[in-house]
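The chain contents come next:
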Amino acid sequence: MSEAIYDQIEIEDFTFDATTELFTYPCPCGDRFQIALVDLEGGDDIAVCPSCSLMVKIIFESEDLKEYQDQLDM
Amino acid sequence: MVGYDILCCGSNGNYQLGTGTSEDSAVLQNAVMRGVDRLTTKPTSIRCGGNHTLMLVELGDVFVAGDNSKGQCGLNPQIDGQNCLSQFTKLPRLNGKRWTHISAGWDFSVLINENHEVYACGEGLNGELGLGELVTSTLSKSEEDKFTLLRINLDVGSGVRSIKSSIHHTVILLKSGVLLGWGNNKKGQLTPVSLSKLVWSPQTIEVDGNRVIGFNVCRDFTCIELASGRRRFRILGKNAEELEEEAHQMFQGLTENGYDSFTVHNMWTSLHLFGSNGENATVSSMGNNSHSQRLESLPDQLQKDAMVCSLGSEHGLFLTMSNKVYAWGWGEHGNCGVQKEEGTVFATPNEIYDGRAGRVVLIQGGCATSWVVTQN
Ligand SMILES: [Zn+2]
C-alpha cells in the first residue's frame, strides 16, 4: 500500500546530475529520492527512493526545467 | 573493569551500524570496535550522517563507521579498505590532540579538538564544509595522505558549547554566547536568503542581542532558544513566521500545564518539546506528521517513566527510568524495532531494549538508525 507523500521539496533543493539526467535528494533512510528530467518534462512530480517506500512531491513550474535542459546541451 | 556495549538497529546499507555486515536489523546488534576487545572508555556522543556514524568517547577519541567514499569519516578512502568502514575504526588524533566535539551531516562531518581547532571532512555541495567559496570536497589528490580533515578558518575563542548539523547545514554555539553557522541557506536557515543561498564560511547568526540557550537544526529551518525577548524561540528558514508562532503556542501550552522543564529536539522535518513537571513527562510536537513522527500523547506508563529523549531522521527514542528504550515514528528499516502490524509506522512507542543487558548510558537516533549504549 502506498502511504502518504512524505514531504514536498522544491526543485532547487535537488541535486541535478547532467550525465545521468537524474534529480536526487536525501531520503531519511540514507538513500536518495530520484526522478529523471524526462519524467518531470512529462508532468510527473513524484520522486521515489530505491531503498524504501517514501516518496516526495517536487514543487516546480515547467519553465524551471530550462536551466537543467541547458546543462545537457553543453 | 567497566565496559561498554554499542547496541544498534536500523538502516545499514553502507555498514553505518558498524556491525561488520550491511544487513538492516530490527533487533539490536552489537557494533564491532576494530582492534578493541572491550570498550572501556565511555561513549559520550554519537552523531549520524546519511550513511556514516561518528562516536566520541571520554578521553577524546573518535571512532567512525560506514560510508567513507567522500572522506566523510575523516580517513582517506583511497587507502585499502577505507572506502567503507564495516566496523568502528579509530580515527587517529591530529597532532595528538583530543577530540572534544563531533557533528555529522549528509556526506560530511565536523570535528573540534581541545585546542579549539575546527575541522571538516567529506563532501558538501551547499557550503557544508565551511572551508570557503566553492570548496565542495576534502578528498585528497594524494594517496599518501592519511586524513581528509581540513581546518576551518574559525576562531571559537574560549571554546564551543555545542555543535549540531542538519543534513546540509551546521550551527555552533560558542561559550561566549555567539552563534555561528554555515552551509545550505536556500530557505534562510542561517541568514536572509536574499544575501546568499549558500554560506561557504562560518558566519554569525544574528539574535538581536538576546542570549542563546540552545538551538536545533532541522532540514529546512533552524530553531534558536532564547533566554529573553518577546518569544522563547526564534526560527530562521522555511515558513519561519508560522513555525515561530506554532513553537510559541507549544511552549505556552507546556508551561501553562505545569511542565516547567523541557528539552528541545528535532527530526529532519519536525520539532518536539520533551517536558517534565517533576512527576510526569510529556511531549509536544510540531511539523511533519506523515509517518506518526508526532506523538499525540504519551502512553500512561511512559508519562511516569520516560527520562531521556533522542530523535533521528524521522523517528524518536525514549529511555525510561526503568532502563528500557522505546522507539516511535517511521521505522521501515528496523530502527523502531520489530513491526508487529502491517506497515512502516510505529504510532505508539515500541520497546526496543528491555533493560536487561546492562545500564543504558546513552541513546541516539540516527538516519533511520537507533543507538543504545550500555554499561556492563
Ligand atoms: Zn529511502
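Residues numbered from 1 in each chain as written. Chains lettered and ligands numbered in written order. Predicted model: local features only at pLDDT ≥ 70, side-chain atom pairs only at ≥ 80, totals over all residues. Heavy atoms only, no water.

**Q** Can you help me understand the environment of Leu271 of chain B in this one?
**A** Residue and element names in this part refer to chain B. Within the secondary structure, Leu271 sits in strand β19 (residues 270–276). The class for Leu271 is buried, based on a relative accessible area of 1%. In this structure, the C-alpha to C-alpha distance between Leu271 and Tyr4, residues 267 residues apart in sequence, is 31 Å. Non-local contacts of Leu271, meaning those with residues more than four positions away in its chain, are made with Asn216, Phe221, Cys223, Met250, Val264, His265, Asn266, Ser284, Ser285 and Met286. (Helix = DSSP H or I, 4+ residues; strand = E, 2+ residues; numbered from the N terminus. Buried < 20%, exposed > 50% of the residue type's maximum accessible area, 1.4 Å probe, protein only. Contact = heavy atoms within 4.5 Å.)

**Q** I tried to follow the UniProt feature "repeat: RCC" (unreviewed entry) in chain B on my own but got confused; where do I start?
**A** Mapped onto the present numbering, the UniProt feature "repeat: RCC" (unreviewed entry) falls at residues 60–115 and 323–376 of chain B. What you have in residues 60–115 of chain B is 0% helix and 48% strand, and the ends, taken at the C-alpha atoms, are 12 Å apart. (UniProt positions renumbered as here; feature names shortened; annotations may be inferred.)

**Q** I'm lost on the sheet that holds strand β2 (residues 25–30) of chain B in this one. Help?
**A** Hydrogen bonding along the main chain pairs the strands of a sheet, whether they run parallel or antiparallel. All names here are of chain B. With respect to topology, four strands assemble into an open sheet ordered β2-β1-β26-β25, the strand pairing being antiparallel. If you trace the sheet from one side to the other, it starts and ends with β2 and β25 (359–365), each paired once. Each strand axis lies, on average, 20° off the axis of its neighbour in the sheet, ignoring direction. The sheet contact formed by β25 and strand β26 (residues 369–375) spans six bridges and is antiparallel. Residue pairing across strands places Val360 opposite Thr374, the latter belonging to β26. (Pairing = 2+ DSSP bridges. Axes fitted to C-alpha atoms, helices over the stretch in contact; angles between N-to-C directions.)

**Q** Please clarify how the coordination of the zinc ion should be interpreted in this entry.
**A** Ideal values differ by geometry: the angle at a metal is 109.5 degrees with four tetrahedral donors, but 90 or 180 degrees with six octahedral donors. All names here are of chain A. Distances from the zinc ion to its protein donors, Cys27 (SG), Cys29 (SG), Cys49 (SG) and Cys52 (SG), fall at 2.3 Å. Classification of the site at the zinc ion as tetrahedral follows from its four donor atoms and the range of 101 to 119° in their angles at the metal. Written as a sequence motif, the donor arrangement for the zinc ion is C-x1-C-x19-C-x2-C. A residue pair is termed long-range when its members are at least 10 positions apart, and Cys29 in the loop between β3 (22–26) and β4 (32–36) and Cys52 in the loop between β5 (46–48) and β6 (55–59) qualify at 23 residues. For the residue pair Cys29 and Cys52, the accessibility class agrees, reading buried in each case. (Donors = N, O, S within 2.8 Å, 3.2 Å for Na, K, Ca; no water. Tetrahedral: all angles 85-135°; square planar, octahedral: opposite > 155°, others 65-115°.)

**Q** I tried to follow the pairing of β6 of chain A on my own but got confused; where do I start?
**A** The side chains of a regular strand alternate between the sheet's two faces. Residue and element names in this part refer to chain A. Of the strand pairs in this sheet, strand β1 (residues 7–10) and β6 are connected by four bridges, and their pairing is parallel. Pairing of Gln8 across the sheet is with Lys57, part of β6. Examined bridge by bridge, β5 and β6 share three bridges and lie antiparallel to one another. When the bridges of β6 are listed, Val48 appears paired with Met55. Hairpin connection of β5 to β6: six residues between the antiparallel strands.

**Q** Honestly, the interface of chain B and chain A in this entry has me stumped. Any pointers?
**A** When the parts of a complex come together, some accessible area is lost, and that lost area is often used as the size of the interface. At the interface, 28 residues of chain B touch 23 residues of chain A. Roughly 1900 Å² is buried in total at the junction of chain B and chain A, and carbon and sulfur atoms are behind 46% of that figure. Residue Glu12 of chain A is joined to Lys197 of chain B by a salt bridge in which the shortest nitrogen-to-oxygen separation is 2.5 Å. Applying the counting rule to chain B against chain A returns 13 residue pairs in polar contact (both at pLDDT 80 or more). A class-by-class count of the residues in the side of chain B that touches chain A yields eight nonpolar, twelve polar and eight charged. (Buried area = accessible area lost by both parts, 1.4 Å probe. Salt bridge = Lys/Arg side-chain N within 4 Å of Asp/Glu carboxyl O. Polar contact = N/O pair within 3.5 Å; in protein donor to acceptor, adjacent residues only side chain to side chain. Nonpolar A, V, L, I, M, F, W, Y, C, P; charged D, E, K, R; others polar.)

**Q** Would you take a moment to explain the layout of surface pockets for this structure?
**A** Residue and element names in this part refer to chain A. One number sums up the size of the second largest pocket: a volume of about 590 Å³. Every element with two or more residues in the lining of the second largest pocket is listed here: β2 (15–17) and β3. Take the lining of the second largest pocket: its biggest share by element is four residues, from β3. Here the lining of the second largest pocket is built from residues that sort into ten nonpolar, 15 polar and 13 charged. (1 Å grid on protein atoms, 1.4 Å probe; cavity = no way out; pocket = protein on both sides within 12 Å on 5 of 7 lines; lining within 4 Å. Points joined across faces, edges and corners; volume = space filled by probe spheres on them.)

**Q** Help me out: how do you make sense of the UniProt feature "domain: DPH-type MB" (unreviewed entry) in chain A in this one?
**A** Those residues carrying the UniProt feature "domain: DPH-type MB" (unreviewed entry) are residues 5–61 of chain A in this numbering. The span residues 5–61 of chain A carries 9% helix and 44% strand; its end-to-end C-alpha distance comes to 19 Å.

**Q** Whenever I open this one, the sheet that holds strand β14 (residues 198–204) of chain B confuses me. Can you help?
**A** Residue and element names in this part refer to chain B. As summarised here, the arrangement of the four strands in space is β11-β12-β13-β14, forming an open sheet in which the pairing is antiparallel. Because the sheet does not close on itself, it has two edges, and the strands there are β11 (160–165) and β14. Shown here is a sheet whose adjacent strand axes are inclined to one another by a mean of 5°, direction ignored. In the sheet, strand β13 (residues 179–184) pairs with β14 via four bridges, with the strands oriented antiparallel. By the bridge assignment for β14, Gly183 is matched with Val199.

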